[in-house]
Amino acid sequence: MTKGLQIVGLGLATLDILVRLRQMPTWEQAGPIRAFRFDGGGLVGTAMVAAAKLGARVGYVGTAGNDEAAELKLRSFVEAGVDLSRLARRPAPEDQVIMVYVHAETGERVFAGLENLRGAPLRPDELDRDYIAAAPYLHLDGFHPEAAMQAARWAREAGNTVVFDASLATGPIRDYRRALVPLTDILISGRDFGYHLTGKRDIYQAGEEILALGPRVFVETVGDQGCYTVTPTERFHTPAFAVPVVDTTGAGDVFHGAYIVGLLQGWDARRVAQFASAVSALKCTVLGGRAGIPTFAQTLAFLRERGIEMG
Ligand SMILES: Nc1ncnc2c1ncn2[C@@H]1O[C@H](COP(=O)(O)OP(=O)(O)O)[C@@H](O)[C@H]1O
Ligand SMILES: [Mg+2]
């Protein structure tokens, strides 16, 4: 089953406990919730489930505990057929658990994660070099930082493509994220990463500086404003698709998984961005980071209804 993997993802995989509500409770005021769901989450975790659901052969490398929360978080990996043979099980309760409060009107969310989320990272000596080097794509999110650096070096030495989810940024970029940039081929970030890494407000200018650091593609996703792509030969905006939004949790994560699937199809950068945007938009119509991930055929049908043929 591990033979012929197309993508290996190494990073965060959480159990998300999602609640959809209009108003946050306070210590003074209780309040109702509209809906709740347990779903798997995490940047690389959700990206890998998306890629597998879209038809890619995928492996996930990371950690999981030995309790019911761990089983819950792994369920959608198993359902999507993600290979978990190199998962490191810890003899401890699951430590990657996040409460996700989703605004019932906007679908935007705020997280509250377990405070020891980064307490027991994967170590480089726990990695299987052959497993990582055998897949043409390695996807990282900076979680398990030392292992991620090691894996990126091995992937590069093997001539594979390193994709890095650099996440959104609200302040200075931490060293462990910064260090991954020169080892990255395709850097896809959330809002303001480019600004905080380079000091350039203009996404295209920031993108040019990022390409000078090593990556050959830079994409910044900006929620319902779509995404911006910079390559050595072109720069362009891809609008988001208008959909009835329930929950934006995981939109960026799913975008990454779909983006790699688009690359595996051999599509050009514009097509890949459109495909990833469509997959993310469809995801946003359902509560949970993974529950709404469409199949490849559903995504092509969604695009075709909007006059976009992937060819
Ligand atoms: N409200 C939305 N409606 C439609 N598409 C969305 C919406 N929010 C996000 N997306 C799609 O998902 C992509 C990633 O979302 P973004 O919000 O930038 O990531 P994150 O999950 O890091 O917040 C966007 O570029 C867009 O294509
Ligand atoms: Mg968002």
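Because the structure is predicted, anything quoted here is derived from the model rather than measured.

Draft legend 1. Geometry of the overall build of the protein chain. Summing up its helical and strand segments, the protein chain has ten helices and 14 strands in all. Computed over C-alpha atoms, the radius of gyration of the protein chain comes to 18 Å, within 12% of the 19 Å expected from 2.2 N^0.38 for 311 residues, which places it in the range of a compact globule. When the backbone C-alpha atoms are referred to their principal axes, the protein chain occupies close to 55 × 45 × 40 Å. The buried share of the protein chain, taken over its 311 residues, is 55%. Summarising the internal contacts of the protein chain: among those between residues at least 6 apart in sequence, 68% fall at separations of at least 24. Between the averaged position of the 32 positive side-chain charges in the protein chain and that of its 35 negative side-chain charges there is a distance of 3 Å.

Draft legend 2. How the structure looks around the state of the cysteines. Tallied over the full model, the rule gives zero disulfides. Here cysteine 227 stays unpaired: no disulfide links it, and the sulfur of cysteine 284, its closest cysteine neighbor, is 13 Å away.

Draft legend 3. Summary view of the pattern of salt bridges. In this structure the tally under the stated criterion is 15 salt bridges. For aspartate 125, the salt bridge goes to arginine 123, with nearest N and O atoms at 3.1 Å. Ionic pairing is found between arginine 304 and glutamate 309, a salt bridge with its closest N-O pair at 3.5 Å.

Draft legend 4. Up close: the sheet that holds strand 9 (residues 137-140). With respect to topology, eight strands assemble into an open sheet ordered 4-1-9-10-11-12-13-14, the strand pairing being mixed. Every other strand in the sheet has two partners, leaving strand 4 (58-61) and strand 14 (235-238) as the edge strands with one partner each. Shown here is a sheet whose adjacent strand axes are inclined to one another by a mean of 15°, direction ignored. When strand 1 (residues 7-10) meets strand 9, the two strands line up parallel, connected through four bridges. The residue bridging glycine 9 from the neighbouring strand is histidine 139, located in strand 9. Contacting strand 11 (186-189), strand 12 (217-221), strand 13 (227-230) and strand 14, helix 7 (residues 203-212) crosses the sheet at an angle of about 40° to strand 13.

Draft legend 5. Inspection of the packing of aromatic side chains at higher detail. Taken as a whole and judged by the stated rule, the model has eight aromatic pairs. Measuring from centroid to centroid gives 5.1 Å for tryptophan 267 and phenylalanine 275, while their planes differ by 65°, and the two rings are edge-to-face. The exposure class assigned to tryptophan 267 is buried, which follows from its relative accessible area of 14%. Above the ring of tyrosine 195, the side-chain terminus of arginine 201 is found at 3.7 Å from the ring centroid. For arginine 290, the ring lying beneath its charged end belongs to phenylalanine 77, and the centroid distance is 4.6 Å.

Draft legend 6. A look at the sheet that holds strand 3 (residues 35-41). As summarised here, the arrangement of the four strands in space is 3-2-7-8, forming an open sheet in which the pairing is mixed. A strand with exactly one partner marks an edge of an open sheet, and here the two such strands are strand 3 and strand 8 (109-113). If you compare each strand with its neighbour and ignore which way they point, the axes differ by 25° on average. Of the strand pairs in this sheet, strand 2 (residues 14-21) and strand 7 (residues 97-103) are connected by seven bridges, and their pairing is parallel. Directly across from leucine 15, in strand 7, lies its bridge partner valine 97.

Draft legend 7. Highlighting the site of ligand 1. Around ligand 1, 17 residues are found, and the nearest of them are Thr221, Gly223, Gly226, Gly252 and Ser280. Arginine 109 places a side-chain nitrogen or oxygen 3.3 Å from an oxygen atom of ligand 1. At three residues, the largest contribution of residues to the shell around ligand 1 is made by helix 8 (residues 251-264). Considering only residue class, the shell around ligand 1 consists of eight nonpolar, seven polar and two charged.

Draft legend 8. Structural context of the side chain of glutamine 96. Turning to its location among the elements, glutamine 96 is positioned in the loop between strand 6 (88-89) and strand 7. There is a polar contact of 2.7 Å between the side chain of glutamine 96 and the side chain of threonine 63. In contact with glutamine 96, not counting residues within four places along its chain, are Leu12, Ala13, Thr14, Leu15, Thr63, Lys73, Leu117 and Phe143.

Draft legend 9. Region of the structure containing helix 8. Here helix 8 is 14 residues long and its end C-alpha atoms lie 20 Å apart, about the 20 Å a rise of 1.5 Å per residue gives. Among the 14 residues in helix 8, eleven count as buried, and that is most of the element.

Draft legend 10. Fine view of the pairing of strand 12. Most of strand 12 is tucked away: five of the five residues are buried. On strand 12, burial covers both faces: Val217, Val219 and Thr221 on one face and Phe218 and Glu220 on the other are all buried. Relative to strand 12, strand 11 runs parallel, the two being bridged by four bridges. If you follow isoleucine 188 over to strand 12, its bridge partner there is valine 219. Of the strand pairs in this sheet, strand 12 and strand 13 are connected by four bridges, and their pairing is antiparallel. Bridging across to strand 13, phenylalanine 218 finds its partner in valine 230. Hairpin connection, strand 12 to strand 13: the antiparallel pair is bridged by five residues, and glycine 223 has positive phi, about 55°.

The rules behind the values
Residues numbered from 1 in each chain as written. Chains lettered and ligands numbered in written order. Predicted model: local features only at pLDDT ≥ 70, side-chain atom pairs only at ≥ 80, totals over all residues. Heavy atoms only, no water. Helix = DSSP H or I, 4+ residues; strand = E, 2+ residues; numbered from the N terminus. Rg over C-alpha atoms; globule rule 2.2 N^0.38 Å. Buried < 20%, exposed > 50% of the residue type's maximum accessible area, 1.4 Å probe, protein only. Contact = heavy atoms within 4.5 Å. Lys, Arg positive; Asp, Glu negative; His and termini not counted. Charge placed at Lys NZ, Arg CZ, Asp CG, Glu CD. Disulfide = S-S within 2.5 Å. Salt bridge = Lys/Arg side-chain N within 4 Å of Asp/Glu carboxyl O. Pairing = 2+ DSSP bridges. Axes fitted to C-alpha atoms, helices over the stretch in contact; angles between N-to-C directions. Phe/Tyr/Trp six-rings, centres within 6.5 Å; stacked < 30°, edge-to-face > 60°. Lys NZ or Arg CZ within 6 Å of the ring centre and 35° of its normal. Near = heavy atom within 4 Å. Polar contact = N/O pair within 3.5 Å; in protein donor to acceptor, adjacent residues only side chain to side chain. Nonpolar A, V, L, I, M, F, W, Y, C, P; charged D, E, K, R; others polar. Expected span 1.5 Å × (residues − 1).

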